[in-house]
Amino acid sequence: MGQKVSGIEKFLAPSLNRIDEEIKSIHAEIETIKSKIEETCNRIIKLDEDNKRLINKIDKISSGLPTEIQVSIDNINEMERHDRDEIEVLKRGIDVAQRRIAVLESKMKELGK
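Since the model is a prediction, treat every value here as computed from it, not as a measurement.

## Focus: the overall build of the chain
Piece 1. Summing up its helical and strand segments, the chain has two helices and zero strands in all.
Piece 2. Every one of the 113 residues in the chain was classed for burial, and the buried ones make up 0%.
Piece 3. Accessible surface computed for the chain: about 11000 Å², of which carbon and sulfur atoms make up 60%.

Written out as structure tokens, the structure reads:
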């Protein structure tokens, strides 16, 4: 005769089978995610290579541009940097104004009580 199975073992056996199935399912999902990550990494590598080729083409074209056009491009880049700086200053000013409005609103609510 075989070993007698205790009551708790009978109770745990289905749970252990479900846990085992769940672990196998998790492993399958992990493998799927790993393959997606690998696919994404390969795409990033390809994009990086394409980017390097594009940069090389742009550098070749830029070196052949007349100086007037090169100066215009530099001016545009400088204006962009200047505009970004101005935008950042405006954002900080808006943040300060919003904080002050919040403080004023809270003081007005206190006065209204």
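## Details of the pattern of salt bridges
Piece 1. Overall, the coordinates contain eight salt bridges when judged by the stated rule.
Piece 2. Linking Glu39 and Arg43 is a salt bridge whose minimum nitrogen-to-oxygen distance equals 2.8 Å. Of this pair, Glu39 and Arg43 both sit in helix 1 (residues 7-64), four residues apart, which is roughly one turn of the helix.
Piece 3. By relative accessible area, Glu39 is classed as partly exposed at 41%.

Parameters at a glance
Residues numbered from 1 in each chain as written. Predicted model: local features only at pLDDT ≥ 70, side-chain atom pairs only at ≥ 80, totals over all residues. Heavy atoms only, no water. Helix = DSSP H or I, 4+ residues; strand = E, 2+ residues; numbered from the N terminus. Buried < 20%, exposed > 50% of the residue type's maximum accessible area, 1.4 Å probe, protein only. Areas by Shrake-Rupley, 256 points an atom, 1.4 Å probe, with all protein chains shown as cover. Salt bridge = Lys/Arg side-chain N within 4 Å of Asp/Glu carboxyl O.

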